[in-house]
Every structure is written in structure tokens, then in C-alpha cells.
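Chain and residue survey
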Amino acid sequence: MKPKKKIDVTLLIGLGIPVVMIVLIAAAIYLPRLVANVEEPKYDFLYTVGYAQGYRCFVEDGRLRLEEPESECVAPGLPGMEELQFFIHRVKENTSERVNFEAASDLHLDNTALSPDGFEIAYGRRSEFFFPMFSSRDYRTRYLRKDGFTEKLELEVGESFQNAYNVTFLGWIEE
Amino acid sequence: MDKQSVLESVSTLVAAGELSEAELMAAYRGGAGGEVAERQTRYSTVLYFIGGGVVVIGIVALIAQIWNDLGSVMHVVVTLGSGLAAFTVGVLLSRRQTLGAAGPAFFLIAALVLPLGLAVTLDEAGFQPEHFAWQSLISLVLMGAFTAVYQLFRSNSLLLYAIGFATWAFFAITGWIAGPNPSFAEFEFIEYRVLAVGLSFLVLAFAFADTPRRELSGILYGFGSMAFLGAALALGGWKPSQNVFWELVFPGLVFAVLYASVHLKSRVLLTAGSGFLAAYLLKITGEYFSDSLGWPLALVISGMMLMGVGYLTLRLKRRYLSE
């Protein structure tokens, strides 16, 4: 009879620690609500992409305003840059809907960094080194974040890939 | 006493748990030429590995000189080709026991050149090897290759390379899974991963201690204790953004390592434990007492405490670790 091979428990634990760590990180990424006990975000938000052609777009007293440019201050847009577009991002569905200025200006906005339920929009990170120890900010990706909870925002940015860098948050939409 | 009865006695003692593999091997080595033969083997092994390192430096310098004159195919041939050639020679030489560590020395060349070769191959194919997904693939392929040859030749150096590539794979895979998620972008994410790797090394070192792979124990205890205690110390942070949990837990971890050093008779653990105890005392003094006591007095107190740590280390070494 072939002798049974003895299982080295210590060796298994030593090899298992990194594997468990990988599983925990994957759980935190893919099942964030299980790991961080945070309620779902409630507040949609308004944002713009594209070039404003010299217009100044801002929120005042909870309403969107568009200030016309002085003609000599208008710089020509860069090639491939699209005109200013307004989007409402629905946080529950994680989808964006394009709206015109009139619809956007009807919204009541809170332009503070934190939403009334405590969420913020944060940039992603990326590694620029061969050995994966260091990272820098990734200006193309954005996340909704609160405490240990993060969710990648699937923002609509139009046709031009440059728009992903030019997303401007305008405010949380208050009902 | 004839050979058969000696072997039977050995089997009986092993079955009763009164004779370990390490004791048996020590007795064997003592009879087979003793320290002189072992020292000679060690010198030749060191020379083989130094030679392997010098060969790698030569290959890299040569490639750097002619890199711009070579096309894409030749870039792959001189990097990946050299690595594969060294790996093949390593396999062939390892089959001949009489050549000592010549085979492992060629595996050292392969372990250093193959990652570069695979990265160059991916780069020439239009991929971006610096991305975590490709780094994961490169490190897993190399870990698999070196684990396979370790299974064939049971050389400690091959297991060390496999552990090295597995460590790289761990960092690459976790970085890949985390992606650009900002919650995993802080320096703490790196510290927790280093902590896990350190703990894993310490457990592996313990597992190898009474096996033919015990030579790896010292290396793994060294790297493991530095990674584990270093990460735990870093996780404590600095006032005002300190992490009180890690600052309070750290002395317990250091004393656990010092206790383990005595229990396992490991000088490496003792050195790492005392070093990090000294670092912790300096950190805490600087963090909390330099404002109230002033730097000169804080330095005096730190110096006294460091002398205390030095004395403790010496006492432990003399009492428990001296042969």
C-alpha cells in the first residue's frame, strides 16, 4: 500500500495568507456593500463635458447660471474638442442622461463636494511603474466614495476621448 | 554493528519521533568529510552565483550598447532568447550532480533575464507590460516555470526564485484587482500587502525549519520579519494622523518576534526584533514627547532606551542563542 503523504499545515497556512488576502481584496472591490456597511447613494448629480466657448457655467443660489463671454476673451476650441454638454448622472442605475441647458437650469443644485448623504466624487488611481508599488491619480476615472465604499462611475462623456479628462461636477440634484 | 541494523535503528527512532531529519543529515555530513568539505562546496557555490550575476551584468551592458541597432525580432531574441537559453542550460547542468551549483547559477541568470525578456516580448507585440494584468501574467508564468524545475531538482535556490516570483505575482494581482479604485490607492494598501507577505514568509520559514529546505528559513525569517514589523510600524503613522491600534499593537508584535527568536533559536529574528524595538522607541519618543520634554531630553531618553534594547539583545543572545 502506498504511504499517505503527510499534509504540512504550516506550509498551507504560509501559502494561504496571500491567497486569503487576494480573496478579501476582491470581495472589497466586487462586493463593496458586504464589506462596508453603507447605504446606497440617493442623490443624482449634474456635470458637464466639452468646451464652454468662453461661457462661464456656475451654480448660484442652487441654480445653474451661464454667463456670456466677452468676445475678445473667447479662445478657439482645440481640434477634436466637443461643445459644452450637460449630463445628469443617475446614481442608482449608474447611467448618464444628456439634457439641454434649459432642463439643467430647472434643477435645484447643491454644489458642495459632499452630497447630502455623505458621498463624494474621487479620481481613480493608476500605476506608472513596472514594480506595482507606486501610483498616481487617474484623471479619466471617477468613483463615488463614502467611508470604505466605492463604486466606479460610468459617466457618459460624448464622442471625444478627451472629454473623459474634462468632466466638471456642477452639483448634487436636490428634489 | 552492521549497516542493516543501523538503518533499522534509524527507522525506529524516526518512527518514535526521537530523531529529526536535520539531526540525521548533520550526522551524515559530519561523517562525509565534515566541515572542510562543506566549506569547499559553499565557496564554489558562492563563486558560481557571483559568476551568474556578472554574466547578467555583461548581457545587460551588451544589449544596452547595441539596442538601437537591433530590430523588434532581435530585441526579443537577445532578451527572451538569452533567458530561455540560460534556463535550458540550467536544466541540463542540474541533471549532472558532479557540477555542483553550476545548474542553479544558470537558473539565476534565467531568473534575472527572463522577466526582462517577457516584458520586451509583450512590448514589441504592442502590449503594455507595465500594466498589472501583464505583470500578473509574467510573474505567474515565471513562478510556474521555477516551481516546475524545483519539483525536478529540489534545489533551494529554485524554490527561492519561485517564492520571489510568487511575491511579485501577489502584488501584481492585488494591484490588478484593485484597479484605479481610490479606496485602494492610499499608502496603507501597500503596507497591508507587505504585512501579509511578511507574515507569509515567517510562516513559510517556520515550515521549512526542520526540512531539507531549512537553509531558506534564515532568509525568509530575515525578509519576513523586516516586512512584517516594518509594515506594522508604518501602519502606526505619525501624529496627528496616527493609527492608535497599530501603535498599541506594535510592541506586542515585537516581543512576539523576540520570544520566537529565543524559542526557534534564530539570530535573524532577534536582530530584526531588537532593531524594530529600537525604531519604535525612537518613533514614539519623537512623536509624543519631543514637544513636551524638548528634543535634547527626548534624545537622552531615547539613547538610554536604545542602550537598554542593546543590553536585552546581548543577554538574550548569550543566554539562549549561543551554541
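Residues numbered from 1 in each chain as written. Chains lettered and ligands numbered in written order. Predicted model: local features only at pLDDT ≥ 70, side-chain atom pairs only at ≥ 80, totals over all residues.

**Focus on the overall build of chain A**
Helix and strand counts for chain A stand at three helices and 10 strands. Sequence-ordered secondary structure for chain A, helices as α and strands as β, is α-α-β-β-β-β-β-α-β-β-β-β-β. For chain A, buried positions account for 25% of its 175 residues. A fraction of 66% describes how many contacts in chain A between residues 6 or more apart in sequence connect residues 24 or more apart. (Helix = DSSP H or I, 4+ residues; strand = E, 2+ residues; numbered from the N terminus. Buried ≥ 20, exposed ≤ 12 C-beta atoms within 10 Å, placed from the backbone. Contact = placed C-beta atoms within 7 Å.)

**Observations concerning the interface of chain A and chain B**
Counting from both sides, the interface comprises 28 residues of chain A and, opposite them, 26 residues of chain B. Among the elements of the structure, α1 (9–30), β7 (120–126) and β8 (136–146) of chain A are those that each provide at least two residues to the side of chain A that touches chain B. Looking at which element gives the most residues to the side of chain A that touches chain B, the answer is α1(A), with 11 residues. Residues that form the side of chain A that touches chain B fall into these classes: 15 nonpolar, eight polar and five charged. (Nonpolar A, V, L, I, M, F, W, Y, C, P; charged D, E, K, R; others polar.)

**Some words on the sheet that holds strand β1 (residues 45–49) of chain A**
Residue and element names in this part refer to chain A. Taken in spatial order, the five strands line up as β5-β4-β1-β10-β6 in an open sheet, and their pairing is antiparallel. Either end of the sheet is taken by a strand with one partner, and the two such strands are β5 (95–99) and β6 (108–110). Going from strand to strand, the sheet's axes swing by 40° on average, the running direction of each strand aside. Here five bridges tie strand β4 (residues 85–90) to β5, and the two strands are oriented antiparallel to one another. The partner of F87 across the bridge, within β5, is R98. (Pairing = 2+ DSSP bridges. Axes fitted to C-alpha atoms, helices over the stretch in contact; angles between N-to-C directions.)

**A short note on the environment of E215(B)**
Relative to the assigned elements, E215(B) resides in helix α9 (residues 215–235). Between the alpha carbons of E215(B) and T285(B) there is a distance of 38 Å; along the sequence they are 70 residues apart.

**Considerations on unusual backbone geometry**
Residue P240(B) is bonded to the preceding K239(B) through a cis peptide linkage, with omega at 10°. Residue position: P240(B) is located in the loop between α9 and α10 (244–263). Phi is positive for D61(A), which is not a glycine, with a value near 50°. Summarising the element assignment, D61(A) is placed in the loop between β2 (56–60) and β3 (63–67). By the C-beta count within 10 Å, which is 7 here, D61(A) ends up exposed.

**Here we look at the packing of helix α7 (residues 156–178) of chain B against helix α8 (residues 187–208) of chain B**
All names here are of chain B. Here α7 crosses α8 at 145°, and the two axes come no closer than 11 Å. As α7 runs across α8, the sense of the crossing is right-handed. Contacts from T167, F170, F171, T174 and A178 of α7 reach α8 at F189, R193 and V197. Among the residues making up the contact of α7 with α8, the classes are represented as five nonpolar, two polar and one charged. (Left-handed = near helix turned anticlockwise from the far one by under 90°.)

**What about the packing of α1(A) against α7(B)?**
Where α1(A) contacts α7(B), the two axes come as close as 9 Å, and the packing angle between them is 10°. It follows that α1(A) is roughly parallel to α7(B) by the angle criterion. Contact residues: P18(A), M21(A), I22(A), I25(A), A26(A) and I29(A) in α1(A); F170(B), I173(B), T174(B), I177(B) and A178(B) in α7(B). Classifying every residue of the contact of α1(A) with α7(B) gives 10 nonpolar, one polar and no charged. (Parallel < 35°, antiparallel > 145°, perpendicular 65-115°, else oblique.)

**Observations concerning the nonpolar core**
In terms of nonpolar packing, the biggest core is built from 84 residues, with F107(B), A110(B), F146(B), A162(B), F165(B) and A205(B) touching the most fellow members. Sequence-distant contacts of A162(B), that is, excluding residues within four places in its chain, are made with M143(B), F146(B), T147(B) and Y150(B). (Core = buried A, V, L, I, M, F, W, Y, C linked by C-beta atoms within 7 Å.)

**Quick look at the environment of V73(B)**
Residue and element names in this part refer to chain B. With respect to the helices and strands, V73 occurs in helix α4 (residues 72–94). Judged by the 9 C-beta atoms lying within 10 Å of it, V73 is exposed. In this structure, the C-alpha to C-alpha distance between V73 and E124, residues 51 residues apart in sequence, is 8.2 Å.

**Some details on the confidence of the model for chain B**
All names here are of chain B. Across chain B, pLDDT averages 86, with 93% of residues at or above 70. By mean pLDDT, the top-scoring element of chain B is α9 (95), and the lowest-scoring one is helix α2 (residues 21–31) (70). The ipTM, which scores confidence in the relative placement of chains, is 0.73 for this predicted complex, and the corresponding pTM is 0.76. (pLDDT = per-residue confidence, 0-100.)

**Things to note about the pairing of strand β10 (residues 168–174) of chain A**
Pairing of β1(A) with β10(A) involves four bridges; the strand directions are antiparallel. In the sheet register, T48(A) faces β10(A), and the bridge partner there is T168(A).

**What about α8(B)?**
At 3.6 residues per turn, the α-helix brings residues three or four places apart onto the same side. With 22 residues, α8(B) extends 32 Å from end C-alpha to end C-alpha; this agrees with the ideal 32 Å at 1.5 Å per step. With 18 of 22 residues buried, α8(B) lies mostly within the body of the structure. (Expected span 1.5 Å × (residues − 1).)

**Comments concerning the pairing of β3(A)**
Relative to β3(A), β2(A) runs antiparallel, the two sharing five bridges. Considered in β3(A), the bridge of R56(A) is made with E67(A).

**Observations concerning the sheet that holds strand β9 (residues 149–152) of chain A**
Residues and elements named next belong to chain A. Spatially, the three strands line up as an open sheet ordered β7-β8-β9, and their pairing is antiparallel. One side of each edge strand has no neighbouring strand; the edge strands of this open sheet are β7 and β9. When the angles between neighbouring strand axes are averaged without regard to direction, this sheet yields 50°. Examined bridge by bridge, β8 and β9 share four bridges and lie antiparallel to one another.

**Some remarks on α10(B)**
All names here are of chain B. Between its first and last C-alpha, α10 extends 29 Å over 20 residues, near the 28 Å set by a 1.5 Å rise per residue. Here α10 has its buried residues at E247, F250, V254, V257, L258 and S261. Against α9, α11 (267–293) and α12 (295–321) lie the buried residues of α10. Count one or two residues on from α10 and you reach K265, which has phi positive near 55°.

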